[in-house]
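One letter stands for each residue in the lines below.
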Amino acid sequence: MFRGVARQQAIHICTFCHLQNVRAVILKQARCVSTSRNQLKQNGNLKLPNDSKLLKQPVSIQDVQDAAKRIQNYVHRTPVMTSRRVDKMAGRNLFFKCEVLQRTGSFKIRGATNAVCKLMEKHSDGSYPCVVTHSSGNHGQSLACAAHQVGLKAYVVLPKIAPLCKQKAIEEYGAVKILCEPSEQDREAQKDKIVETNGAVYIPSSQHYDVIAGQGTIASELLEQVLDENNNPLDAIVVPIGGGGMLAGICVAAKSLQPGIKVIAAEPKLADDCYQSFHAGTRLPLPKYPDTVADGLKINMGPVAWPIIKDLVDDVIVVGEDEIKEATKLVWNTMKLCIEPSAGVGVAAVLSDQFQKEGSNLKNVGVILCGGNVDLGAVSSWIA
């Protein structure tokens, strides 16, 4: 992957170049999904799973493949990067999927764009509705951007405490911003009001099958990219978990394309509803908004994503606030990528004592750097 000067060049290319230049300069031409899967299956170390759990899911690999075609002209094929220093600290090879370099600064544009494009397909007669969502910021930006690209009006409900950089971006994409109290109850109430008064179609940040399918394209790209460059498949992917749409989509895509791969959720200890639910076998949402530095992961795992996660995720690792901060700063300083703390959660997980003990046999591990919308004012107190 990218090291030294080449890695710095990759960052600048991905930030400033058109999608086609990104593909041409940073990545080899991607193999099609079917070819990638055939090569992965031919590896003798891979164990074929019981596909019954995959087959019963409401989102399939076909949905992910269709989403990839639908969104390809609207989103970036983000690079995969590595760091010798972080590899040494982790004791394994880490492959960072840089959604921090994605349009709008996070992975959320994938699911939002897929959902908006499918909505347009359903209204081919030209009677296009407006759309609404509630979001901690990243999905709001993404829906605003996706709607703007296809000419739809968008409303975004977000908590008053959402980072100012995210609030500003939502307005710049032309969406109507509605601020609410930092609770899921008020977010829902404000969203319902827009649906009732404006006839808007609600596109949630994670609890929507089209959104989940769109997020699954992260995994299909990552597996291809690592195989192209490393000639060895991944043993596991570590995914930050908030509402669960990205985790659910990655589970479906990764386990369909590469049987035997592990998918591990990473979560703040202060927002550990997925961890508690995973071990209890039933969804256990937290009663109130957690006070974690990972602002994008404050929302509870949702009821649509949970059944997929329950069936397909292999483990959940929780990390403390200091671990998140240190991991975030490590990526800033070492990889020169301005990730947000929510992305730092996945990095903290692969560096944690739990992962060192339980994941000792996982030599090649993908880590999703899910976003880079940093509120510099909020992190200034712990940058030093």
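Here, every reference points to the structure presented above.
Residues numbered from 1 in each chain as written. Predicted model: local features only at pLDDT ≥ 70, side-chain atom pairs only at ≥ 80, totals over all residues. Heavy atoms only, no water.

1. Quick notes on the overall build of the chain
What counts is decided by this rule: Each helix is a run of DSSP H or I of at least 4 residues and each strand a run of E of at least 2, with the numbering of both proceeding from the N terminus. For every residue, the accessible area obtained with a 1.4 Å probe (protein chains only) is divided by the maximum for its type, and the residue is called buried under 20%, exposed over 50%, and partly exposed between those limits. Exposure was quantified through the Shrake-Rupley algorithm and a 1.4 Å probe, taking into account, for residues, occlusion by the shown protein chains and nothing else.
Helix and strand counts for the chain stand at 18 helices and 10 strands. The buried share among the 384 residues of the chain stands at 59%. Summed over all atoms, the accessible surface of the chain reaches about 15500 Å², with 49% contributed by carbon and sulfur.

2. Overview of the pattern of salt bridges
Any two side chains of opposite charge can pair if their charged atoms end up close together. The line we're drawing: Whenever a carboxyl oxygen of Asp or Glu lies within 4 Å of a side-chain nitrogen of Lys or Arg, that contact is scored as a salt bridge.
One pass over the structure, following the stated rule, counts 15 salt bridges. A single salt-bridge network, built from bridges that share partners, covers Lys97, Glu99, Arg110 and Glu221.

3. Description of the packing of aromatic side chains
Selection criterion: When the centres of two rings from Phe, Tyr and Trp lie within 6.5 Å, Trp using its six-membered ring, the rings pair. Their planes under 30 degrees apart give stacked, over 60 give edge-to-face, and anything left gives tilted. We call a charge positioned over a ring when the NZ of a Lys or the CZ of an Arg lies within 6 Å of the ring centre and within 35 degrees of the ring normal.
Following the criterion strictly, the structure yields zero aromatic pairs and no others. Against the face of Tyr202 rests Lys191, its NZ or CZ located 4.1 Å from the ring centre.

4. Structural notes on helix H13 (residues 273-280)
In an α-helix, one turn spans 3.6 residues, which is why side chains three or four residues apart end up on the same side. Our working rule: As used here, the arc belongs to the directions running from the helix axis to the C-beta atoms. Residue contacts are counted whenever heavy atoms from the two residues lie within 4.5 Å of one another.
Buried within H13 we find Asp273, Cys274 and Ser277. Considered in projection along H13, the buried side chains sweep an arc of 95° and stay on one side of the axis. Elements in contact with the buried residues of H13: strand S8 (262-268), helix H14 (305-312) and strand S9 (315-319). Directly beyond the C-terminal end of H13, a positive phi value near 80° is found at Gly281.

5. Description of the side chain of Ser135
We count it as follows: In protein, a polar contact means a hydrogen-donor-capable atom and an acceptor-capable atom, both N or O and within 3.5 Å, with residues adjacent in sequence counting only if both atoms are side-chain atoms; elsewhere, any N or O pair within 3.5 Å suffices.
With respect to the helices, strands and loops of the structure, Ser135 is situated in the loop between strand S3 (131-134) and helix H8 (138-150). For Ser135, a relative accessible area of 2% puts it in the buried group. Polar contacts involving the side chain of Ser135 include one to the main-chain amide nitrogen of His139, which spans 3.3 Å. The contact partners of Ser135, leaving out residues within four places of it in the chain, are Gly140, Val157, Leu158, Pro159 and Arg187.

6. A closer look at the pairing of strand S2 (residues 93-98)
Stated formally: When DSSP finds two or more bridges between two strands, those strands count as paired.
Counted residue by residue, S2 has five buried out of six residues, so it is predominantly covered. Sheet analysis places strand S1 (residues 80-81) next to S2, joined by two bridges and oriented antiparallel. Each bridged residue has a counterpart across the sheet, and for Val80 the counterpart in S2 is Lys97.

7. Here's the deal with the sheet that holds S9
Remark on secondary structure: sheet strands pair via backbone hydrogen bonds, oriented parallel or antiparallel. Read from one edge of the open sheet, six strands run S1-S2-S10-S7-S8-S9, paired in mixed fashion. Strands with a single pairing partner mark the edges of an open sheet, and in this sheet they are S1 and S9. Relative to S9, S8 runs parallel, the two sharing five bridges. Looking across to S9, one finds that Ala265 is bridged to Val316.

8. Observations concerning empty space enclosed by the protein
Heads up, the condition is: Residues are called lining when one of their atoms sits within 4 Å of a cavity or pocket point, these points coming from a 1 Å grid over the protein atoms alone, where a cavity is a set in which a 1.4 Å probe fits but cannot get out and a pocket is an open set with protein on both sides within 12 Å along at least five of seven lines. Grid points are joined across faces, edges and corners, and a volume is the space filled by probe spheres set on the points. Amino acid classes used here: Ala, Val, Leu, Ile, Met, Phe, Trp, Tyr, Cys and Pro are nonpolar; Asp, Glu, Lys and Arg are charged; the rest, including Gly, are polar.
Going through the model one piece at a time under the given rule, you end up with one cavity of 30 Å³ or more. Computed from the structure, the largest cavity encloses a volume of approximately 250 Å³. Along the wall of the largest cavity there are 23 residues; nearest its centre are Phe107, Lys108, Gly243, Gly296 and Leu297. Counting only elements with at least two residues in the lining of the largest cavity, the list comes to H8 and helix H12 (245-257). Tallying contributions element by element places H12 first for the lining of the largest cavity, with three residues. Considered class by class, the residues forming the lining of the largest cavity number eight nonpolar, 12 polar and three charged.

9. Quick notes on the nonpolar core
Note the following rule: Joining through side-chain atoms within 4.5 Å is the link that ties buried Ala, Val, Leu, Ile, Met, Phe, Trp, Tyr and Cys residues into a set, and such a set is a nonpolar core.
In terms of nonpolar packing, the biggest core is built from 81 residues, with Ile237, Leu247, Ile250, Ile309, Leu337, Val365 and Ile368 touching the most fellow members. For this core, the leading source of residues is H12, giving nine residues. With near-sequence residues (within four places) excluded, Leu247 lies in contact with Val239, Ile241, Val263, Ala265, Ile309 and Val313. Residues Ile71, Ile109, Ala147 and Val211 belong to the second largest nonpolar core, which totals 23 residues.

10. A few points about the environment of Leu270
As for its position among the elements, Leu270 is in the loop between S8 and H13. Along the chain, Leu270 and Gly320 lie 50 residues apart, while their C-alpha atoms are 7.5 Å from each other. Leave out the neighbours within four places in its chain, and Leu270 touches Leu286, Pro290, Asp291, Thr292 and Glu321.

11. Considerations on the sheet that holds strand S6 (residues 201-202)
Note the cut-off: To get an axis, fit a line to the C-alpha atoms, keeping to the stretch in contact for a helix; angles then go from 0 to 180 degrees between the N-to-C directions.
In space, the four strands of this open sheet follow the order S5-S4-S3-S6, with parallel pairing throughout. Pairing within the sheet leaves two strands with one partner each, and these edge strands are strand S5 (176-180) and S6. Here four bridges tie S3 to strand S4 (residues 154-159), and the two strands are oriented parallel to one another. Of the residues in S4, the one forming a bridge with Thr133 is Val156. Running at roughly 170° to S3, H8 makes contact with S3 and S4 of the sheet.

12. Some details on the side chain of Asn114
Within the element layout of this structure, Asn114 appears in helix H7 (residues 108-122). A relative accessible area of 1% places Asn114 in the buried class. Apart from the residues lying within four places of it in its own chain, the contact partners of Asn114 are Ala67, Arg70, Ile71, Asp210, Ala213 and Gly214.

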